[in-house]
Amino acid sequence: MKRILLTKAFVLILITLNNSCGVRMGQKKILASEIEQIKNTFAPDKRTALFNIDVLDGPSGFTLIGETNLPRAIDSLEAVLSEKGIVATNEVNVLPADNLEGMTKAVINISAANLRSNPKHSAELATQATLGTVVNVLKKEGDWYLIQTPDKYLAWVDPGGIQLMNNAEITAWKSSEKIIYTYTYGHAFSSIDAENRISDIVAGSILKLVGSDESHFKIAFPDGRQAYISKDEAQEYETWLSSLDYTANSLIETSKTLMGVPYLWGGTSTKGVDCSGYTKTIYFLNGMVIPRDASQQVHAGKPVDSIADFSKLEKGDLLFFGRKATDSTAEKVVHVGMWIGDKQFIHSSEMVRISSVDEESPNYDAFNVGRYLRTQRLLNEDDPLLQNLTINQPIKD
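Note that this is a predicted model, so its numbers are computed, not measured. (Residues numbered from 1 in each chain as written. Predicted model: local features only at pLDDT ≥ 70, side-chain atom pairs only at ≥ 80, totals over all residues. Heavy atoms only, no water.)

## Side note on the overall build of the protein chain
Rules: Each helix corresponds to a stretch of at least 4 residues labelled H or I by DSSP, and each strand to a stretch of at least 2 residues labelled E; elements are numbered beginning at the N terminus. For this analysis, residues touch if any pair of their heavy atoms sits within 4.5 Å. The method behind every accessible area is Shrake-Rupley, applied with a 1.4 Å probe, and residues are considered shielded solely by the protein chains displayed. We count Lys and Arg on the positive side and Asp and Glu on the negative side, and we leave His and both chain ends out. A single reference atom marks each charge: NZ on Lys, CZ on Arg, CG on Asp, CD on Glu.
Counting secondary structure elements, the protein chain contains eight helices and 28 strands. Considering only C-alpha atoms, the protein chain reaches an extent of 105 × 55 × 35 Å along its principal axes. When contacts within the protein chain are restricted to residue pairs at least 6 apart in sequence, long-range pairs at least 24 apart make up 60% of them. Carbon and sulfur atoms make up 50% of the accessible area of the protein chain, which amounts to about 19,700 Å² in all. If the 40 positive side-chain charges of the protein chain are averaged to one point and the 49 negative ones to another, these points end up 9 Å apart.

Below, the structure written as structure tokens:
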């Protein structure tokens, strides 16, 4: 009789444990599902948002681990779990990291900083940021810093590319008078006699204005270096900003100043550009910050055409090319150019060049016409993906 009772007790314990494990497994699946849904909502594009969260299932219960730069996403996840009665200890590292010790801002300190997909020089060149660009610093790994640019792009930069700043220093930098370099490419010199070069400069560079005379601006770099730039090659930032007219003709005029600039994967400066880096640079030099990649730019603005009816296009529209969607594969945007009228578009392909959609034209681009997807209008469109410098001022304010 005693053996029978012990056996029944043991069976009951096993049933209880199995039920408990079943409940726990069910909760873990729900937890994983909720994490994925929150990620899809707040961080659908890993290029612009960081949400790497996992779940540890230990003796003391569930623990959320990982990192994110989206505190609102973590708040939403905790709220959902609370509603579902799932208890999980939150050990997620919310960036910027504490070990930055307040140095959570930086300003690009060289003409064009190379931003990598991973913290090493051999990693892919993901994008660039030009001199004077204010960026958020999220964390440090070795000598490398994970930063986020005004177009929200996440990438790694080595310490030579940035000047780290705390809140007081970045406020002082932002509030200082500035100049913007408007020439395609040039140099800053130690004196007005242009004897010694301090740095090269690319179009769109932003520098602190220290003083001026009839012919030169005296400027300061983010790290404090001082130099001189010819007034023929730059403008006071506020003067430049107030002179922007946001017209298609201005976009076209700017685009042609980069004719022949070489193609560079990841490039967004006048020393070298990829296709979307080129359109991004054209728009920035006309007062707009647009998304970085072609696959992001295609979602900005408003749709104009998707059937190759080029008569609908206006100057300044962006044309997108790639692989059309099929029953088994998704659409893939791989190239972008800008419409300049007269059945032509300008784009970076081997170098910045002008191509035509007219079969009778000597510069007809059969390859890209054959993979044309659609056209978007970004100029003067109201869209959260587009930042107007006269309104948002992500560089100066």
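Anyway, onward from the coordinates.
## What about the pattern of salt bridges?
Counted only if it meets this: One side-chain nitrogen of Lys or Arg within 4 Å of one carboxyl oxygen of Asp or Glu is enough to make a salt bridge. A simple rule labels every residue: compare its accessible area, found with a 1.4 Å probe on the protein chains alone, to the largest value its type can have, and call it buried under 20%, exposed over 50%, or partly exposed in between.
Across all of its chains, the model carries 14 salt bridges by this definition. The salt bridge partner of arginine 353 is glutamate 350, with a shortest N-O separation of 3.0 Å. Among the residues examined, arginine 353 registers a relative accessible area of 28% and is labelled partly exposed. Judged by its relative accessible area of 64%, glutamate 350 falls in the exposed class. Several salt bridges share partner residues, and in doing so they unite Asp45, Arg47, Asp274, Arg292 and Asp293 into one network.

## As for the environment of leucine 81
On the secondary structure map, leucine 81 appears in helix H2 (residues 71-83). Residues leucine 81 and aspartate 342 lie 261 residues apart in sequence; the distance between their C-alpha atoms is 57 Å.

## Examining the sheet that holds strand S27 (residues 372-377)
Condition: Pairing between strands requires that DSSP locate at least two bridges from one strand to the other. Orientation is described by axes fitted as lines to C-alpha atoms, over the contacting stretch for helices, and by angles from 0 to 180 degrees between their N-to-C directions.
The antiparallel open sheet is built from six strands, whose spatial order is S22-S27-S23-S24-S25-S26. The strands lining the two open edges of the sheet, one partner per strand, are strand S22 (302-305) and strand S26 (351-356). Taking the axes of each pair of neighbouring strands and ignoring which way they run, one obtains an average angle of 35° across the sheet. Sheet topology places S22 next to S27; three bridges connect them, and they run antiparallel. Residue pairing in the sheet places lysine 302 in a bridge with arginine 377 of S27.

## Concerning the confidence of the model for the protein chain
The criterion, for reference: Along the chain, pLDDT gives the predictor's confidence residue by residue, from 0 to 100.
The predicted model of the protein chain averages 92 in pLDDT, with 92% of residues at 70 or higher. In this model, residues 8-21 is a region of pLDDT below 50 whose contacts with residues beyond four sequence positions or in other chains number zero contacts.

## Quick notes on the pairing of strand S5 (residues 105-108)
Pairing analysis gives three bridges linking S5 to strand S8 (residues 134-141), with the strands arranged antiparallel. Among the inter-strand pairings, alanine 106 is bridged to a residue of S8, identified as valine 135. Sheet topology places S5 next to strand S11 (residues 162-165); four bridges connect them, and they run antiparallel. Bridge pairing links valine 107 to glutamine 163 in S11.

## Remarks on the packing of helix H5 (residues 248-256) against helix H6 (residues 275-284)
Rules: Here roughly perpendicular refers to angles of 65 to 115 degrees, roughly parallel to angles under 35, roughly antiparallel to angles over 145, and oblique to all remaining angles. In this scheme the crossing of two helices becomes right-handed for a clockwise turn of the near helix relative to the far one and left-handed for an anticlockwise turn of less than a right angle. Just so you know the grouping, Ala, Val, Leu, Ile, Met, Phe, Trp, Tyr, Cys and Pro go in nonpolar, Asp, Glu, Lys and Arg go in charged, and all remaining residues, Gly too, go in polar.
One can describe the packing of H5 onto H6 by two numbers: an axis separation of 9 Å at closest approach and a directional angle of 125°. The angle between H5 and H6 falls in the class oblique. Remark: the crossing between H5 and H6 carries right-handed chirality. Contacts from Leu251, Thr254, Ser255 and Lys256 in H5 reach Tyr278, Ile282 and Tyr283 in H6. Within the contact of H5 with H6, the residues separate by chemical class into four nonpolar, two polar and one charged.

## Comments concerning helix H3 (residues 167-175)
Heads up, the condition is: The arc in question is the one traced by the directions running from the helix axis out to the C-beta atoms. Here a polar contact means two N or O atoms within 3.5 Å. Within protein one must be a hydrogen donor candidate and the other an acceptor candidate, and residues neighboring in sequence count only if both atoms are side-chain atoms.
Those residues of H3 that sit buried are Ile170, Trp173 and Lys174. Buried residues of H3, seen end-on, are gathered within an arc of 95° and therefore sit on one face of the element. Away from the buried face of H3 by more than 90 degrees, exposed residues Ala168 and Ser175 are located. Contact partners of the buried residues in H3: S5, S8, S11, strand S12 (178-181), strand S15 (206-212) and strand S16 (216-220). For H3, the side-chain oxygen to backbone nitrogen distance between the N-cap and alanine 168 is 3.2 Å, and the N-cap itself is asparagine 166.

## Some words on the side chain of serine 356
Considering the arrangement of structural elements, one finds serine 356 in strand S26. A distance of 3.2 Å separates a polar atom in the side chain of serine 356 from the backbone oxygen of lysine 343. A distance of 2.9 Å separates a polar atom in the side chain of serine 356 from the backbone nitrogen of aspartate 358. Non-local contacts of serine 356, meaning those with residues more than four positions away in its chain, are made with Lys343, Gln344, Phe345, Ser361, Asn363, Tyr364, Asp365 and Val369.

## Thoughts on the nonpolar core
Counted only if it meets this: Within this scheme, the nonpolar core is defined by two criteria: the residues are buried Ala, Val, Leu, Ile, Met, Phe, Trp, Tyr or Cys, and they are joined through side-chain atoms within 4.5 Å.
Counting residues in each nonpolar core, the largest one holds 39 residues, and the members touching the most others are Tyr283, Leu318, Met338 and Leu389. Contributions of two or more residues to this core are made by helix H4 (237-243), H5, H6, strand S21 (288-289), strand S23 (318-323) and strand S24 (332-341). Among the elements that line this core, the one with the most residues is H6, at five residues.

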